[in-house]
Amino acid sequence: MSGVIGYVGNKAAKPFLLQGLNKLEYRGYDSAGICEFDDQLNVYKTKGRLSELNKIVEDKDLKGTIGIGHTAWVTHGAPTTENAEPQLSSDGSIAVVSDGIIENAQQLKSQLLEAGYSFTSESAAEVIAHLIENNYQADLLQAVQATVKVLQGSYAILVLSAKHPQEIIAAKSESPLVIGIGSNENYCASDVQALLDYTREVYILQDGECARITKDHIELFDQAGFIKDLQTEYIEWDQVQVEKDGYEHFMLKEIHEQPKGVRETIANRLDSSGQLNLAEEIPPELVKGINKIQFIACGTAYHACLYGKYLLEQFLDIPVEAEYASEYRYNRVKADQNTLLIVLSQSGETADTLGAMRVAQDKGARVLAVTNVISSTLAREADAVMLTHAGPEIAVASTKAYTAQLACLCLIAIYISQQLNGVVDQELLTGLRMIPEQIQKVLHDCEPIVQEYANRYATATDAFFLGRGIDYLSAMEGQLKLKETSYIHGEALPGGELKHGTMALIAPGVQVVGLATQKVLLDKIISNLQEVKARGGEILIIAMDQDFDYSNAGNQTIFIPEVHPLLAPMLSVVPMQLLAYYTTKAKGLDVDKPRNLVKSVTVE
Ligand code: M6R
């Protein structure tokens, strides 16, 4: 995944481009570059971090008032300066930045080589630049329109030409691209976050559309090349929401934003008299007559799906399944018009998740999306959308989106149970209303303990997360958090599975987190933990029942408040998120941007 940015106006483009790229950093990158037009196209690019690019351009008085920029997560070739974008056409008159993957890049490149073009990089953006040059007659827009017709895959591109130095051409398919509307200046970016300092009025480019963007005008064209009305929208998020707000890292800030995220996710959907107000978002017809529910997602969102499945299985007699989206899309999909597909994605742009959803849609399934981004592809393509109101999530490790997803799933499960069986679990609903304050309490009570305890993890190479029943699902999320940020190998296991193999790895000093929040399974998990302790494992217990004696089963016990057992995952995950955060910090690693990972995986 990459980030693209563009500016056209009366001011020098450089500051906007650099600041915008900074805002897109979270998407992950290993090279960066900008191109401005000032009598000619001037390209500055480098492998490595944005700071390297800043060093190259900081002393340059770049006056060009139009420009494009890029942070690249290289998909073709190595992360070198040559492969960095912007890329130029062979005559140097056209500059291109791109996000996504052009699946037929190699084939197009062979055709261009045969036609006499030569290449200086392995970048797909260079292929696009040459194709535009090849298609160019006198109109840049037409040349781009002709070019995108032959591109296969997902892309968002921005094109700047020395022959048309007043305009940027934008085009996209599947990868996100937003146009920002300013006064005597206009902008574009892969993500609205890069624009919020400048404007809240945006147009989200749709697949197949092209736009010609000048400083005071935006012309929009559909796939067939016909001009379209530009219907802009207003983005409510403000810049403060996407900044660190005094926290050292976005991950810590976002962990602390969970009470708010859950509160806002349940607000207006659950009134003070205990009534559920979901019928507008999830029309009763969407669930009427369903005989199967399937959940799909990736990563953390998949763990939330497991929770949704667990809840719905408590209430319904129909089959409820959960599958990784990347597997679902290539398995034999058993969905039809009586299947409700519930698709979870923080970003709403995860390629595998969208791909899987489309497969199920082709089979006739009805789709309910749960996403954090209203303008996302997922939100647009689903039959119904339930938004998580977690606010923008910047850290690669998902935290507040997860708890907001669990809250949404709780509401959805109760609603579906009401629609299909006429039964509402009032106890669960009442309990859900208390969750924001209870997360706050967990943060307050646990953070100092976990911060201290995390020192034990600084030298650990492995950690095991044990739980039973619903606690096992939370354990899966706990191990992912630790693994992705601290690079410590994490593994989640149902407590009863230990003795079937993994116990061989338990030795003195091995770190274990034991989740013990479920009263009915307490004796069982405690005896599993005692077996671990007897072999020298060091155990952090996350428990709910304060009257129980945990002293023989762990080294440290953290208590979450007493809640309905089905709500415990929204609380028990918090100490595990903090453990991942403080371990990563203690190891001096890049908390918000772990190596090899990006925030939103928009390619397969
Ligand atoms: O945007 P999505 O929720 O679709 O993203 C899915 C996963 O890529 C994401 O949850 C990933 O696993 C996170 N890094 C986990 O913290």
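One structure accompanies this document, and this report is about it. The shown structure was predicted, so the numbers you read here are calculated from the model rather than taken from an experiment.

### Let's talk about the overall build of the protein chain
Here's step 1: Looking only at helices and strands, the protein chain features 17 helices and 25 strands.
Here's step 2: Against the compact-globule benchmark of 25 Å for 604 residues, the protein chain has a radius of gyration of 26 Å, which places it among compact chains.
Here's step 3: Taken along the three principal axes of its C-alpha coordinates, the protein chain extends 80 × 55 × 45 Å.
Here's step 4: Counting every position in the protein chain, which comprises 604 residues, the buried fraction comes to 60%.
Here's step 5: Look at the contacts in the protein chain between residues 6 or more apart in sequence, and 70% of them connect residues 24 or more apart.
Here's step 6: When the accessible surface of the protein chain is summed, it comes to about 22900 Å², and 46% of that surface belongs to carbon and sulfur atoms.
Here's step 7: Across the protein chain, the centroid of the 50 positively charged side chains sits 3 Å from that of the 78 negatively charged ones.

### Some words on the site of the ligand
Here's step 1: Surrounding the ligand, one finds 13 residues, the nearest of these being Ser-345, Gln-346, Ser-347, Thr-350 and Glu-484.
Here's step 2: In the environment of the ligand, an oxygen atom lies 3.1 Å from a nitrogen or oxygen atom belonging to the side chain of Lys-481.
Here's step 3: For the ligand, an oxygen atom lies 2.4 Å from a polar atom in the side chain of Glu-484.
Here's step 4: The fraction of the free accessible surface of the ligand (410 Å²) that becomes covered by protein chains is 90%.
Here's step 5: Of all the elements in the fold, those that place two or more residues in the shell around the ligand are helix H9 (299-315) and helix H15 (470-486).
Here's step 6: Tallying contributions element by element places H9 first for the shell around the ligand, with 3 residues.

### Observations regarding the pairing of strand E10 (residues 186-189)
Here's step 1: Along E10, one buried face is formed by Asn-186 and Cys-188 and the opposite face, lined by Tyr-187 and Ala-189, is buried too.
Here's step 2: In this structure, strand E1 (residues 3-8) lies alongside E10, joined through 4 bridges in antiparallel fashion. From the neighbouring strand, Gly-6 faces E10, where its bridge partner is Cys-188.
Here's step 3: Examined bridge by bridge, strand E9 (residues 178-181) and E10 share 4 bridges and lie antiparallel to one another.

### Concerning the environment of Val-442
Here's step 1: Within the secondary structure, Val-442 is located in helix H14 (residues 426-453).
Here's step 2: With 131 residues separating them along the chain, Val-442 and Val-573 place their C-alpha atoms 9.9 Å apart.

### Quick notes on the packing of aromatic side chains
In this description, an aromatic ring pair is defined by two values, namely the gap between the centres and the angle between the planes.
Here's step 1: Taken as a whole and judged by the stated rule, the model has 10 aromatic pairs.
Here's step 2: A ring pair is formed by Tyr-7 and Tyr-187, whose centres lie 6.1 Å apart and whose planes are at 45°; its orientation type is tilted. Residue Tyr-7 is located in strand E1, and its partner Tyr-187 is located in strand E10; the two are separated by 180 residues in the primary sequence.
Here's step 3: A residue is classified by how much of its surface remains accessible, and Tyr-7, at 2% relative accessible area, is buried.
Here's step 4: Taking relative accessible area as the criterion, Tyr-187 reaches 2% and is therefore assigned buried.
Here's step 5: An aromatic cluster is present here, built from Tyr-7, Phe-16, Tyr-187 and Tyr-198 joined pairwise through their rings.
Here's step 6: A cation over a ring is seen here: Lys-109 above Phe-119, with NZ or CZ 4.8 Å from the ring centre.
Here's step 7: Its end group placed over the ring of Tyr-487, Arg-595 keeps NZ or CZ at 3.9 Å from the ring centre.

### Some details on helix H17 (residues 568-586)
Here's step 1: Between its first and last C-alpha atoms H17 spans 28 Å; for 19 residues at 1.5 Å apiece the expected length is 27 Å, and the two agree.
Here's step 2: The buried count for H17 comes to 17 of 19 residues, which makes it a mostly enclosed element.
Here's step 3: Of the residues trailing H17, Gly-588 is marked for its positive phi of about 70°.

### Observations regarding the sheet that holds strand E23 (residues 511-516)
Here's step 1: Overall, parallel pairing links the 5 strands, which are arranged E22-E21-E23-E24-E25 in an open sheet. Looking at strand neighbours, the two that pair on one side only are strand E22 (489-494) and strand E25 (556-559), the edges of this open sheet. Neighbour-to-neighbour, the strand axes of this sheet turn through a mean angle of 20°, independent of strand direction.
Here's step 2: One ladder, built from 6 bridges, connects E23 with strand E24 (residues 538-543); its direction is parallel.

### Some words on the sheet that holds strand E17 (residues 320-324)
Here's step 1: If you walk across this open sheet you meet the 5 strands as E17-E16-E18-E19-E20, and the pairing is parallel. Each of the sheet's edge strands pairs with one partner strand only, and the pair in question is E17 and strand E20 (384-387). Taken over all neighbouring pairs, the strand axes of this sheet differ in orientation by 20° on average, direction set aside.
Here's step 2: Where strand E19 (residues 366-371) lies against E20, 4 bridges are found, and the strand directions are parallel. Bridged to Leu-368 within E20 is Ala-384.
Here's step 3: Here H9 sits on the sheet in contact with strand E16 (292-297), E17 and strand E18 (339-345), set at roughly 170° to E17.
Here's step 4: In the packing of helix H13 (residues 400-421) onto the sheet, contacts are made with E16, E18, E19 and E20, and the angle to E18 comes to roughly 165°.

### Remarks on the nonpolar core
Here's step 1: Formed by 94 residues in total, the largest nonpolar core has its most connected members in Ile-293, Phe-295, Ile-342, Leu-344 and Leu-432.
Here's step 2: At 12 residues, the largest contribution of residues to this core is made by H13.
Here's step 3: Here this core spans two domains, and each of domain 2 (250-424) and domain 3 (442-590) adds at least three residues to it.
Here's step 4: Setting aside its immediate chain neighbours within four residues, Ile-293 contacts Leu-312, Leu-316, Ile-318, Pro-319, Val-320, Glu-321, Leu-340, Ile-342 and Ile-416.
Here's step 5: Judged by nonpolar contacts, the second largest core, of 29 residues, contains Leu-141, Ala-143, Leu-151 and Ile-169.

Calculation criteria
Counting of residues starts from 1 at the beginning of each chain's written sequence and follows it residue by residue. In keeping with the model being predicted, local features are shown solely for residues with a pLDDT of at least 70 and side-chain atom pairs are shown and tallied solely at 80 or more, while totals for entire chains, interfaces and linings include all residues. Side-chain metrics rest on all non-hydrogen atoms present in the structure, leaving aside hydrogens and water. Helix and strand definitions follow DSSP, with helices as H or I runs of at least four residues and strands as E runs of at least two, each counted in order from the N terminus. Put simply, the radius of gyration uses C-alpha atoms, and a globule should come to 2.2 Å times the residue count raised to 0.38. Only protein chains enter the area calculation, which uses a 1.4 Å probe; residues under 20% of their type maximum are buried, those over 50% are exposed, and those in between are partly exposed. We call two residues contacting when some pair of their heavy atoms lies within 4.5 Å. For the accessible areas, the method is Shrake-Rupley and the probe is 1.4 Å, while residue cover comes only from the protein chains on display. Only four residue types enter the charge count, namely Lys and Arg as positive and Asp and Glu as negative; His and the chain termini do not. Every charge is mapped to an atom, namely NZ of Lys, CZ of Arg, CG of Asp or CD of Glu. A cutoff of 4 Å decides nearness: a residue is near a molecule or strand if any of its heavy atoms lies inside that distance of it. What qualifies as a polar contact is a pair of N or O atoms within 3.5 Å, subject to a donor-acceptor requirement within protein and to the restriction that residues adjacent in sequence count only when both atoms come from side chains. Two strands are said to pair when DSSP picks up at least two bridges between them. Think of it this way: a Phe, Tyr or Trp ring, Trp meaning its six-membered ring, pairs with another when their centres are within 6.5 Å, and the plane angle makes it stacked under 30 degrees, edge-to-face over 60, tilted otherwise. In this scheme, the term charge over a ring applies when either NZ of a lysine or CZ of an arginine sits within 6 Å of the ring centre and within 35 degrees of the ring normal. Expected span of a helix: the number of residues minus one, times 1.5 Å. The axes are straight lines fitted to the C-alpha atoms, using for helices just the contacting stretch, and the angles between their N-to-C directions are given from 0 to 180°. By nonpolar core we mean a set of buried residues, namely Ala, Val, Leu, Ile, Met, Phe, Trp, Tyr and Cys, connected to one another through side-chain atoms within 4.5 Å. A domain assignment, automatic or from a database, supplies the domain bounds used here.

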